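If you want the building blocks of each chain, they are given just below.
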Amino acid sequence: SKRHLQKSIRFTFMKYFLFFSLLIIPIALYSQDLNARVQILAPQIPNANKRILDVLEVSIKDFLNGRRWTSDALQPQERIDCNFVITITDWDGSSTNFKAEAQIQSSRPIYNSNYNSTVLNLNDRDFTFSYSEGQALDFSDQIYLTNLTSLLAFYAYIITGIDYDTFSRLGGTPHFQKALTVLNTAQNSPNGGWKAHEDLRNRFWLVENLTNKAYNPLRESMYDYHRNGLDVMSENPSKGRKAIYSVLPQLQKIDRQKQGAVLNQVFFTSKSDELINILSDAEPQEKLKAFAILSVVDPANSLKYEILKRPL
């Protein structure tokens, strides 16, 4: 299972520490699934009330880290590392209405190394919400209560789902279904980002791609890339690199079928630099083939991939 694999990957040196910790720390402390770091910025807001932003930052962090987003009982070293950087773009300093953008990132450790690989890196430009100091962040999977908690829960499920996909084939499906439920309850919300007609790259299309079977091959590529590729690199770099290289034709096939799909862009936004670093050590012919594919399926980063054409 995904979590059995993860236990051998996430800081196995902690097993003795955990043994003694279990003797004195209540089991309830192990119910959290995320290790979320939250930062709220307001560079465009003059004389912003820093106090309420600090309180909001703590509230969001507690909301994300204090809840169970999976059905598994996770150990502390298994929690998923993620970052939420929320930038306030419009607020008068006294009202409860905020317009913001959010940068959401998550990563997972690579077996037998100190390296953490970014698996999600996206920007939500419609992160609008209401909040008053001291307000409880209430959430229900079945009822839309506030836009802020729906946004946070939506991305918590996306983060856990993508993490699970990297440890087992299509392992994130239950989490993406929960994200879809959050999206459906928000369809009558006056806030943007939840509806299909508003944008071609919003939350609607992200979860649509993740729950659409047509994109299962791309999700399966995430597993091959991480478990058969990156996790193998420390013991057999050639074998791991070959597995990663074998993912590229599959990405090309999906791009031809579904050009401009959100999920393709999510993959390359988090993986373009990593791909270059890994493939730079490949044979010249393999690098040229990789460049030919990557420059087409990921045109936004085509200039980056030029380095693959250079001789060693």
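### Considering unusual backbone geometry
Inference 1: In this structure, Asn112 is a non-glycine residue whose phi angle is positive, near 60 degrees.
Inference 2: In this structure, Asn112 sits in the loop between β3 (97-109) and β4 (116-124).

### What to know about helix α8 (residues 237-257)
Inference 1: The terminal C-alpha atoms of α8 lie 32 Å apart, and with 21 residues this matches the ideal 30 Å at 1.5 Å per residue to within 8%.
Inference 2: Within the sequence span of α8, burial applies to Gly240, Arg241, Ala243, Ile244, Tyr245, Val247, Leu248, Leu251, Gln252, Ile254 and Asp255.
Inference 3: Each element contacted by the buried residues of α8 is listed here: α7 (216-229), α9 (262-279) and α10 (284-297).

### Some points on empty space enclosed by the protein
Inference 1: Under the criterion given, the structure shown has one cavity of 30 Å³ or more.
Inference 2: What the largest cavity holds in volume is close to 90 Å³.
Inference 3: Mapped by element, the contributors of at least two residues to the lining of the largest cavity are α4 (147-165), α7 and α9.
Inference 4: Per element, the largest residue contribution to the lining of the largest cavity is four residues, and it comes from α9.
Inference 5: Considering only residue class, the lining of the largest cavity consists of eight nonpolar, one polar and two charged.

Rules behind the numbers
Residues numbered from 1 in each chain as written. Predicted model: local features only at pLDDT ≥ 70, side-chain atom pairs only at ≥ 80, totals over all residues. Heavy atoms only, no water. Helix = DSSP H or I, 4+ residues; strand = E, 2+ residues; numbered from the N terminus. Expected span 1.5 Å × (residues − 1). Buried < 20%, exposed > 50% of the residue type's maximum accessible area, 1.4 Å probe, protein only. Contact = heavy atoms within 4.5 Å. 1 Å grid on protein atoms, 1.4 Å probe; cavity = no way out; pocket = protein on both sides within 12 Å on 5 of 7 lines; lining within 4 Å. Points joined across faces, edges and corners; volume = space filled by probe spheres on them. Nonpolar A, V, L, I, M, F, W, Y, C, P; charged D, E, K, R; others polar.

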